[in-house]
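Below are the chains, spelled out letter by letter.
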2 protein chains.
Amino acid sequence: MIELKQLRYLLAAADAGSFSRAARLLNIKQATLSRQIGHIEKRLGMPLFDRSLRGAKLTKNGEFYIRSVERLVTEFDELNSWVRATCCGMTGHLTVGFHTSFSAGNLRATVTEFGDKHPDVKMRGVERERKRLLGGLENRTLDLAVMAGEIFYAGLRARPFWSERILVALPEQHDLAERERITWPDLAGEHFLLGGVDKLVTVGFRACSLAS
Amino acid sequence: MIELKQLRYLLAAADAGSFSRAARLLNIKQATLSRQIGHIEKRLGMPLFDRSLRGAKLTKNGEFYIRSVERLVTEFDELNSWVRATCCGMTGHLTVGFHTSFSAGNLRATVTEFGDKHPDVKMRGVERERKRLLGGLENRTLDLAVMAGEIFYAGLRARPFWSERILVALPEQHDLAERERITWPDLAGEHFLLGGVDKLVTVGFRACSLAS
DNA sequence: TGCTGTTACGATTAGCGTAAGAATG
DNA sequence: CATTCTTACGCTAATCGTAACAGCA
């Protein structure tokens with residue numbers, strides 16, 4: 001049977017792009033990692049890595065497999081830490097998920113104000129990607145999620161909370177640099193740098209409702 | 001660290017409502033199961049079961065924990081069997097999720113017809129609950145999902161496929177037994193027996209669009 | 001030679017079953 | 001006293017690390 005430990009080895013190896021590097025990070029011997037990954041591959045009946053001199057890269061199948069595995073493992077870890085944190089007594093707690101950065105002014109103010117008003121309610125904030133937030137609400141890991149944009153999701157209700165001005169940083173030579181106001185459609189096709197929670201994205205499908 | 005094997009023990013115990021019964025079903029000794037569950041509880045820092053003379057019942061925390069664990073474990077098992085089944089070559093495959101029973105006339109006919117027309121495309125059908133289907137589409141485990149009702153879900157598009165008459169079985173004395181046609185709102189508050197995929201539900205929130 | 005990953009061998013560890021113990025109706 | 005779960009004790013089996021091996025800059 002495949003065990004969680006092995007899956008963690010797998011993830012580390014995929015992440016590091018090399019068995020030896022991953023083993024160093026995990027503080028285990030490289031041989032151990034190689035063997036365990038071999039076990040998984042034997043069990044699945046297919047190779048997950050292309051071994052080479054400069055490390056090991058995921059095969060097509062490996063990429064597919066690991067995508068789901070990563071999600072499952074992180075969800076499990078999150079579950080454990082959350083259960084451990086809330087310990088005895090699941091009531092009186094509010095788990096709130098954020099998409100925008102928690103430290104962003106307006107949000108932080110609102111939340112701390114609520115905390116001051118209701119000291120008996122223990123709040124826990126988590127930052128996740130948009131779709132993880134929706135999933136979290138679905139399976140009751142989250143009580144509440146704050147995110148930008150419109151939401152159409154069966155069984156959920158959304159309320160506009162506040163609207164916010166967004167600033168765009170541009171190179172001086174950029175076509176849009178002279179403009180006083182920029183709308184979302186103007187940015188279609190541009191690349192953005194975001195925080196670690198989300199990846200580099202290309203906007204271009206739908207205007208977001210909170211542009212002021 | 002908590003391992004998958006232990007989680008399976010946990011699920012079996014919760015399901016059986018007794019450590020000894022679960023151990024019998026798993027073909028292991030009861031002491032083994034008790035010990036492993038003890039490990040989990042120690043690791044989480046809280047009891048998951050109320051032990052008694054007539055078995056072990058989940059605590060409040062236990063119920064919460066196990067709900068997520070069950071989902072994660074089944075998803076992992078499904079992932080493995082699916083990966084093993086499709087083996088070498090992830091292309092040329094179509095994974096279709098169904099909410100309604102797969103064997104139901106119209107659907108089965110359509111699918112087999114498609115299969116005959118395109119023998120080069122290997123199809124795999126899975127039955128899941130509604131929200132699992134949506135999740136499956138989200139994380140790319142499914143290529144396509146067939147379900148009843150309306151869908152509002154960010155990033156997905158739905159097309160009506162066919163509409164179908166639904167028959168209601170009633171006791172002879174029932175108020176609605178004389179009616180020629182029954183609409184969904186009429187059934188608000190009634191209880192239904194459904195297949196294993198879904199639980200006993202009470203309809204009462206939204207009219208479904210496929211009542212003919 | 002320095003880096004990759006693999007394989008063989010002995011030691012360690014962790015899980016297993018057996019068996020005994022404690023508690024309850 | 002039968003049934004429940006827990007705990008202690010050896011044993012077995014799986015994993016680990018060491019070390020030797022193969023291939024390529």
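Residues numbered from 1 in each chain as written. Chains lettered and ligands numbered in written order. Predicted model: local features only at pLDDT ≥ 70, side-chain atom pairs only at ≥ 80, totals over all residues. Heavy atoms only, no water.

An unreviewed UniProt entry annotates chain A as LysR family transcriptional regulator originating from Aurantiacibacter flavus. In UniProt, chain A has this text filed under Sequence similarities (unreviewed entry): "Belongs to the LysR transcriptional regulatory family." (UniProt positions renumbered as here; feature names shortened; annotations may be inferred.)

Draft legend 1. Fine view of the overall build of chain A. In terms of helices and strands, chain A carries six helices and seven strands. Ordered by position from N to C terminus, the α and β elements of chain A give α-α-α-β-β-α-β-α-β-α-β-β-β. Per-residue burial over chain A gives 32% buried out of 212 residues. Partitioning the intrachain contacts of chain A with sequence separation of at least 6 by distance along the chain shows that 51% fall at a separation of at least 24. Here chain A has roughly 13500 Å² of accessible surface; of this, 53% comes from carbon and sulfur atoms. (Helix = DSSP H or I, 4+ residues; strand = E, 2+ residues; numbered from the N terminus. Buried < 20%, exposed > 50% of the residue type's maximum accessible area, 1.4 Å probe, protein only. Contact = heavy atoms within 4.5 Å. Areas by Shrake-Rupley, 256 points an atom, 1.4 Å probe, with all protein chains shown as cover.)

Draft legend 2. Spatial organisation of the protein's contact with DNA strand C. Ser-20, Gln-30, Ser-34 and Arg-51 of chain A together with Thr-32 of chain B are the nearest of the 20 residues found near DNA strand C. The sugar-phosphate portion of DNA strand C accounts for 70% of its atoms within 4 Å of the protein, the bases making up the rest. Contacts to DNA strand C include Arg-51 of chain A, whose side-chain N or O atom sits 2.3 Å from a phosphate oxygen. Here Thr-32 of chain B contributes a side-chain N or O atom positioned 2.6 Å from a phosphate oxygen of DNA strand C. Considered class by class, the residues forming the surface near DNA strand C number eight nonpolar, eight polar and four charged. (Near = heavy atom within 4 Å. Polar contact = N/O pair within 3.5 Å; in protein donor to acceptor, adjacent residues only side chain to side chain. Nonpolar A, V, L, I, M, F, W, Y, C, P; charged D, E, K, R; others polar.)

Draft legend 3. Examining helix α2 (residues 19-26) of chain A more closely. All names here are of chain A. Within α2, burial applies to Phe-19, Ala-22 and Ala-23. The buried residues of α2 all sit within an arc of 100° when viewed along its axis, so they share a single face. Away from its buried face, by an angle of more than 90 degrees, α2 presents the exposed residues Arg-24 and Leu-25. Against the buried residues of α2 lie α1 (4-16), α3 (30-44), β1 (49-52) and β2 (55-58). Asn-27 sits one or two residues past α2 and shows a positive phi near 60°. (Arc of directions from axis to C-beta.)

Draft legend 4. Representation of the environment of Gly-55 of chain B within the structure. Residues and elements named next belong to chain B. Positionally, Gly-55 belongs in strand β2 (residues 55-58). Judged by its relative accessible area of 17%, Gly-55 falls in the buried class. Measuring from C-alpha to C-alpha, the distance between Gly-55 and Arg-21 comes to 8.6 Å, with 34 residues separating the pair along the chain. Not counting residues within four places of it along the chain, the set of residues in contact with Gly-55 comprises Gly-17, Ser-18 and Asp-50.

Draft legend 5. Local environment of empty space enclosed by the protein. Enumeration over the complete set of coordinates arrives at one cavity of 30 Å³ or more. In this structure, the largest cavity spans a volume of roughly 100 Å³. In terms of lining, the largest cavity is formed by Leu-4, Leu-7, Leu-72, Val-73 and Phe-76 of chain A together with Leu-4, Leu-7, Leu-72, Val-73 and Phe-76 of chain B. Put simply, the parts of the chain that give the lining of the largest cavity at least two residues each are α1 and α4 (60-86) of chain A together with α1 (4-16) and α4 (60-86) of chain B. Along the lines of polarity and charge, the residues of the lining of the largest cavity split into ten nonpolar, no polar and no charged. (1 Å grid on protein atoms, 1.4 Å probe; cavity = no way out; pocket = protein on both sides within 12 Å on 5 of 7 lines; lining within 4 Å. Points joined across faces, edges and corners; volume = space filled by probe spheres on them.)

Draft legend 6. View of the environment of Gln-6 of chain B. Residue and element names in this part refer to chain B. Along the polypeptide, Gln-6 turns up in helix α1. Since its relative accessible area comes to 11%, Gln-6 is described here as buried. With 30 residues separating them in the primary sequence, Gln-6 and Gln-36 have C-alpha atoms 6.0 Å apart. With sequence-adjacent residues up to four places away left out, Gln-6 is seen in contact with Met-1, Gln-36, His-39 and Ile-40. Among the polar contacts listed, one links the side chain of Gln-6 to the backbone nitrogen of Glu-3, at a separation of 2.7 Å.

Draft legend 7. Examining the pairing of β1 of chain A more closely. Residue and element names in this part refer to chain A. Pairing of β1 with β2 involves four bridges; the strand directions are antiparallel. Bridged to Asp-50 within β2 is Lys-57. What sits between β1 and β2 in their antiparallel hairpin is a turn of two residues. (Pairing = 2+ DSSP bridges.)

Draft legend 8. Representation of the protein's contact with DNA strand D within the structure. In the region of DNA strand D, 21 residues are neighbours, and Gln-36 and Leu-53 of chain A together with Gln-30, Ser-34 and Arg-51 of chain B sit closest. By atom count, sugar and phosphate contribute 67% of the portion of DNA strand D lying within 4 Å of the protein. Between DNA strand D and Thr-32 of chain A there is a distance of 2.8 Å, counted from a phosphate oxygen to a side-chain nitrogen or oxygen. In this structure, a sugar or linking oxygen belonging to DNA strand D sits 2.9 Å away from a main-chain N or O atom of Leu-53 of chain B. If you list the elements that add at least two residues to the surface near DNA strand D, you get α1 and α3 of chain A together with α2 (19-26), α3 (30-44), β1 (49-52) and β2 of chain B.

Draft legend 9. Local environment of the packing of aromatic side chains. If you walk through the whole model with that rule in mind, you get four aromatic pairs over all chains. Ring centres of Phe-19 of chain A and Phe-49 of chain A lie 5.2 Å apart, and the angle between their planes is 90°; on these two criteria the pair is classed as edge-to-face. Of this pair, Phe-19 of chain A sits in helix α2 while Phe-49 of chain A sits in strand β1, and the two are 30 residues apart along the sequence. Summarising the aromatic geometry, the rings of Phe-64 of chain A and Trp-82 of chain B are spaced 6.2 Å apart at their centres and angled 80° between planes, so their arrangement reads as edge-to-face. (Phe/Tyr/Trp six-rings, centres within 6.5 Å; stacked < 30°, edge-to-face > 60°.)

Draft legend 10. Main features of the nonpolar core. Core analysis: the largest hydrophobic core is formed by 62 residues, its most contacted members being Leu-7 and Tyr-65 of chain A together with Leu-7 and Tyr-65 of chain B. Sequence-distant contacts of Tyr-65 of chain B, defined by excluding residues within four places in its chain, comprise Phe-76, Leu-79, Asn-80 and Val-83 of chain A together with Ile-2, Leu-7, Leu-10, Ile-40, Leu-44 and Leu-48 of chain B. (Core = buried A, V, L, I, M, F, W, Y, C linked by side-chain atoms within 4.5 Å.)

Draft legend 11. Structural detail: the environment of Ala-177 of chain B. Residue and element names in this part refer to chain B. Among the structural elements, Ala-177 can be located in the segment after β5 (144-146). The class of Ala-177 is partly exposed, set by a relative accessible area of 32%. Not counting chain neighbours up to four residues away, the residues in contact with Ala-177 comprise Leu-170, Pro-171 and Glu-172.

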